[in-house]
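Remarks on the overall topology
Below, each chain spelled out in residue letters.
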Amino acid sequence: MTDAKLQNAQPDPVLAAKPENRVWKKLRIHRSAMLGGMLVAFFLLIALAAPILPIPDPASTDWGAVRKAPSAAHWLGTDEIGRDVLSRMIWGAQASLLAGVVSVGIAVLLGVPLGLVAGYFGGWTDAAISRCTEALLAAPFLILAIALAAFLGPSLTNAMIAIGISATPIFIRLTRGQVINIKSEDYVESAKAIGLPTRLILSRYILPNVLPPILVQATLTIATAIIAEASLSFLGLGQQPPAPSWGSMLNTAKNFLNQAPWMAMWPGISIFLVVLGFNLLGDGLRDALDPREH
């Protein structure tokens, strides 16, 4: 090829694009991921804006407006003791989203370091961590969360801890598998050959390459954690009355399905939409972060 042809040759746009730009472009054209992102952003916005919104106190009762249907005064109706359902829905979003994010944060902080150690060192270390992980995985996720929450005591904080511990094995296994694949790569072997400390190899060469699948799994696990928190609150092991929670609202509403169906309808729809949003966003992130997809 002549010099002129080399000068006129156009660079491959895929190779020329920065990784973060390529990820954003792929995510932006993923319609379901954008829909999921908008749903998540909407619920995050109303949860953060709850203190400044012109809504009634979620714990304020009105015995003259017990189980009133949606109206101009109460857009989503009232509950069994006259509390505004819309206000409790908005404040309940804080509990659900906080439980999802914090519990997954606990699982990541516990699971990723253990997975790094197990996958990198192998041997008896890997065997010990893997056997403990398998023991936790032997119990279904929700059953384990209920058992831990019952042991710790009913509160939102304890529910988040229980959910986080129950989700930890997922991140241990995911991180361990990724590390086993990565530690045999040439750049890791080169880092070992030049005598870099193990902590630098793990933090600079291995951890950054296992973060994308962990991010995807964390997004998907938040949806599971929100359902788990709603289940624990429904059973009386999560957020305690009179503090609002979608799960506890469903627990109360089950007694009034014929007289006031709106009490169950709105928290149920909210749980469905926020879980759908995180699942769609997680699926989009998985496609966007996959290096095999162009």
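Details of the structure are given in the entry above.
This one's a predicted model, so the numbers in the text were calculated from it and none came from an experiment.

**Considerations on the packing of aromatic side chains**
Throughout the structure, instances matching the rule amount to three aromatic pairs. Ring plane angle 75° and centroid distance 5.9 Å describe the contact between Phe43 and Trp246, whose orientation is recorded as edge-to-face. On the criterion of sequence distance, the pair formed by Phe43 in helix H4 (residues 31-49) and Trp246 in helix H11 (residues 246-253) is long-range, its members being 203 residues apart. Connected via pairs of aromatic rings, a cluster forms that spans Phe42, Phe43 and Trp246.

**Considerations on the side chain of Glu80**
Relative to the helices and strands, Glu80 is located in the loop between H4 and helix H5 (85-121). Those residues in contact with Glu80, other than ones at most four positions away along the chain, are Val66, Arg67, Thr252, Phe256 and Met263.

**What about the nonpolar core?**
Ranked by size, the top nonpolar core spans 45 residues in total, and within it Leu97, Ile206, Ile226, Trp246, Val274 and Phe278 carry the most contacts. Breaking this core down by element, the ones donating at least two residues are H4, H5, helix H7 (141-152), helix H8 (156-182), helix H9 (186-193), helix H10 (198-234), H11 and helix H12 (262-289). At 13 residues, the largest contribution of residues to this core is made by H10. Ranked by size, the runner-up nonpolar core spans seven residues in total, among them Leu27, Val216, Leu220 and Leu285.

Rules used in this analysis
- Residues numbered from 1 in each chain as written.
- Predicted model: local features only at pLDDT ≥ 70, side-chain atom pairs only at ≥ 80, totals over all residues.
- Heavy atoms only, no water.
- Phe/Tyr/Trp six-rings, centres within 6.5 Å; stacked < 30°, edge-to-face > 60°.
- Helix = DSSP H or I, 4+ residues; strand = E, 2+ residues; numbered from the N terminus.
- Contact = heavy atoms within 4.5 Å.
- Core = buried A, V, L, I, M, F, W, Y, C linked by side-chain atoms within 4.5 Å.
- Buried < 20%, exposed > 50% of the residue type's maximum accessible area, 1.4 Å probe, protein only.

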